[in-house]
Amino acid sequence: MNRIRPHHIKQMIFGGENMVVDFKKTITSCSKISKTLVAFANNKGGKLLIGVADNGLVKGVRSEDEEKYMITKAATYFCRPMVDVAFEEVYVDNKLVLVADVKESETKPHYSLGDDNKWWVYVRVKDKSLLASKIVVDVLRASQRESGVLIEYSEKERALLQYLDVNERISARDSSKLLNLPRRRTQKLLVTLVLSGVIRLHTTDTEEYYTAS
């Protein structure tokens with residue numbers, strides 16, 4: 001196992017928070033941190049740098065045991081299925097940074113227990129952990145199945161692909177209007193095309209849309 005060195009931490013801090021790196025000065029809420037844990041697990045994995053402020057300043061942790069306890073509790077009781085977390089302690093400029101490493105999961109989707117006592121799916125988009133839409137949840141769930149996706153190009157699929165040949169993008173709502181299909185049937189069609197690699201799903205802070213692959 002390759003240990004993380006202080007210069008690796010500095011490189012990650014210099015790169016800023018992103019899809020696979022998140023800074024936390026300290027862990028104050030199991031519910032809040034569980035959102036980040038499941039977002040990493042549902043995406044490509046990621047590292048939490050505890051003891052690093054949002055602006056990148058290394059503050060260090062007062063008690064690594066307490067921070068580990070909070071994260072382990074969040075991963076075990078506030079994530080469903082539970083999220084595996086590996087810890088590593090690294091001294092950066094004589095201050096202790098606790099690294100919590102989350103690998104991409106093989107049992108997607110993972111859910112986070114919210115303050116409303118409901119379970120929600122989160123995904124990592126740039127430097128944020130965002131609530132996943134129904135379509136994203138369906139894609140995560142279906143992507144874990146071993147069976148392949150059988151595509152039969154009906155009139156509806158062809159109409160959508162022809163639209164994307166001319167236009168750069170389309171939303172789920174506009175797809176439903178274009179194809180004259182109910183929302184649920186449109187979602188199922190979009191999920192199938194995403195899984196087959198024919199179209200790509202894009203999620204941002206403000207919108208979700210599809211493009212041709």
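Refer to the structure above for everything that follows.
Residues numbered from 1 in each chain as written. Predicted model: local features only at pLDDT ≥ 70, side-chain atom pairs only at ≥ 80, totals over all residues. Heavy atoms only, no water.

Participant: Honestly, the packing of helix H2 (residues 30-42) against helix H3 (residues 64-77) in this entry has me stumped. Any pointers?
Facilitator: For any two helices packed against each other, the geometry comes down to the angle between their axes and how far apart the axes lie. Packing of H2 against H3 leaves a shortest axis separation of 9 Å and a crossing angle of 70°. Classed by the angle they form, the pair H2 and H3 counts as roughly perpendicular. Here H2 runs over H3; the crossing is right-handed. Facing Cys30, Ile33, Ser34 and Leu37 of H2, the residues of H3 in contact are Met70, Ile71, Lys73, Ala74 and Ala75. (Axes fitted to C-alpha atoms, helices over the stretch in contact; angles between N-to-C directions. Helix = DSSP H or I, 4+ residues; strand = E, 2+ residues; numbered from the N terminus. Parallel < 35°, antiparallel > 145°, perpendicular 65-115°, else oblique. Left-handed = near helix turned anticlockwise from the far one by under 90°. Contact = heavy atoms within 4.5 Å.)

Participant: Even after reading the chapter, I still don't get the nonpolar core, so can you show me in this structure?
Facilitator: Within the largest apolar cluster, 24 residues are counted, with the highest numbers of intra-cluster contacts made by Ile27, Leu37, Leu48, Ile50, Ile71, Val83 and Val102. Counting only elements with at least two residues in this core, the list comes to H2, strand S2 (46-50), H3 and strand S5 (95-102). Ranked by residues supplied to this core, first place goes to H2 with seven residues. Apart from the residues lying within four places of it in its own chain, the contact partners of isoleucine 27 are Ile33, Ile50, Glu67, Met70 and Ile71. Grouped together as the second largest cluster of nonpolar side chains are 15 residues, Leu179, Val191, Leu193 and Val194 included. (Core = buried A, V, L, I, M, F, W, Y, C linked by side-chain atoms within 4.5 Å. Buried < 20%, exposed > 50% of the residue type's maximum accessible area, 1.4 Å probe, protein only.)

Participant: Can you help me understand the packing of helix H6 (residues 172-179) against helix H7 (residues 183-196) in this one?
Facilitator: Running from N to C, H6 and H7 point in directions that differ by 105°, and their axes come no closer than 9 Å. Between H6 and H7, the interaxial angle falls into the category roughly perpendicular. Touching Ala172, Ser175, Ser176 and Leu179 of H6 are Arg183, Thr186, Leu189 and Leu190, all from H7. Among the residues making up the contact of H6 with H7, the classes are represented as four nonpolar, three polar and one charged. (Nonpolar A, V, L, I, M, F, W, Y, C, P; charged D, E, K, R; others polar.)

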